[in-house]
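Close look at the chain arrangement
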Amino acid sequence: LFELALDLAYENGLSVIFCTPTACPPKWLIDEHPAILPVDESGRVYNFGSRRHYDPLNSFYREECQRIVTLCGEKFGKHPALKAWQIDNEFGHHGTSSIFTKAASQAFSEWLHRRYDGAINRLNEEWFTNFWSQSYTSFSQIEIPRYTLADNNPHLQLYFRSFCTEAYREFQKIQIDILRELSPGRDITHNLNSSKYAYELCPWRMTEDLSIVGFDHYQESDFPNVTRSLSNFSLMRSLRKRPFLVLEQQPVQVNWQSLNRRLSYDWFPLWALLSAATGCCGIYYFSWQRFLGG
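An account of the accompanying structure is given in this report. (Residues numbered from 1 in each chain as written. Predicted model: local features only at pLDDT ≥ 70, side-chain atom pairs only at ≥ 80, totals over all residues. Heavy atoms only, no water.)

Some points on the overall build of the chain
A count of helical and extended segments in the chain gives nine helices and seven strands. For the chain, the spread of C-alpha atoms along the three principal axes comes to 65 × 45 × 35 Å. Per-residue burial over the chain gives 48% buried out of 294 residues. Counted over contacts in the chain with a minimum sequence separation of 6, partners at least 24 positions apart contribute 74%. Working note: accessible area of the chain is about 15700 Å², and carbon and sulfur atoms make up 54% of it. Considering the chain, the positive charge centre built from 29 side chains and the negative charge centre built from 32 side chains are found 4 Å apart. (Helix = DSSP H or I, 4+ residues; strand = E, 2+ residues; numbered from the N terminus. Buried < 20%, exposed > 50% of the residue type's maximum accessible area, 1.4 Å probe, protein only. Contact = heavy atoms within 4.5 Å. Areas by Shrake-Rupley, 256 points an atom, 1.4 Å probe, with all protein chains shown as cover. Lys, Arg positive; Asp, Glu negative; His and termini not counted. Charge placed at Lys NZ, Arg CZ, Asp CG, Glu CD.)

Observations concerning the environment of alanine 272
Considering the arrangement of structural elements, one finds alanine 272 in helix α9 (residues 267–277). A relative accessible area of 24% places alanine 272 in the partly exposed class. Along the chain, alanine 272 and glutamine 249 lie 23 residues apart, while their C-alpha atoms are 9.3 Å from each other.

A word on the side chain of aspartate 88
Relative to the helices and strands, aspartate 88 resides in the loop between β2 (82–86) and α4 (102–115). A distance of 2.7 Å separates polar atoms of two side chains, one belonging to aspartate 88 and the other to arginine 52. In this view, aspartate 88 contacts Cys19, Thr20, Thr22, Ala23, Arg52, Tyr54, Phe171, Gln175, His190 and Asn191; residues no more than four positions away in its chain are not counted. (Polar contact = N/O pair within 3.5 Å; in protein donor to acceptor, adjacent residues only side chain to side chain.)

Side note on the layout of surface pockets
The space that makes up the largest pocket amounts to roughly 1300 Å³. Lining the largest pocket are 39 residues, with Arg51, Asn89, Tyr218, Glu248 and Phe286 sitting closest to its centre. For the lining of the largest pocket, the per-class residue count stands at 16 nonpolar, 15 polar and eight charged. Computed from the structure, the second largest pocket encloses a volume of approximately 510 Å³. The class makeup of the residues in the lining of the second largest pocket is 14 nonpolar, eight polar and seven charged. (1 Å grid on protein atoms, 1.4 Å probe; cavity = no way out; pocket = protein on both sides within 12 Å on 5 of 7 lines; lining within 4 Å. Points joined across faces, edges and corners; volume = space filled by probe spheres on them. Nonpolar A, V, L, I, M, F, W, Y, C, P; charged D, E, K, R; others polar.)

A few points about the sheet that holds β2
Pairing is parallel across the open sheet formed by three strands, whose spatial order is β1-β2-β3. Edge positions in the open sheet fall to β1 (16–19) and β3 (187–189), since each of these has one partner strand only. On average, adjacent strands in this sheet sit at an angle of 30 degrees to one another, irrespective of strand direction. As defined by bridge partners, β1 adjoins β2 across four bridges and the pair is classed as parallel. (Pairing = 2+ DSSP bridges. Axes fitted to C-alpha atoms, helices over the stretch in contact; angles between N-to-C directions.)

See below:
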């Protein structure tokens, strides 16, 4: 079906951005390796049935992602209709920017060990861990900031966020490296999102390896907020200091706003002009008509 779609696009003079399918691991894969599933800060497992239900640090899932991306690159990477690749979908959305799995806990301790060159006393001093008896004697004692009675150490939270950004960036770069080899000359992007979770992963670090920045522009409030849109567009332009793409522009109602309604079409030329004025070089809409299902 993918090949048929690409052939039809080429025959009709259309170019295609092809997305890797790694945001939605299938049921059979989850059944075989349930450790792929993410968990929240209280240790509850997020089950199969939605999207973004994976741990980017899970070694088996990384291998499976490498496998499917390699297959896509080998099969479609040099198709004449293929203009660019999109990696995954909306990193960090639905509260998945923080990784609370067992794999993350071990990787975080090792990451801190490298950052501090093995000097646990220096970490204790910088983090002021003698407050509330939080001092460590080894890096293996340091846990990710799971749910606690009161606030976690602010240094722990700050370093954990940096660690999560690097984990997702590494997960993304695994795919980028494969596609650059198998599909040379094509741009590679990712669709950053405008939700409240969007910037828990550092957008500057997350876009360093991309050839062009992509952005999903939706309205978080009940009524369109021009100031917020302008702020988001300006940020996208700043990330690589070059034009960016709006990969998803909201033209109809969605299923997650408190007031779920179809927006006036008068907004579309305004958003187009606003994004173009701040450096957007292309807009794609998702979607003009509701699907029959899904």
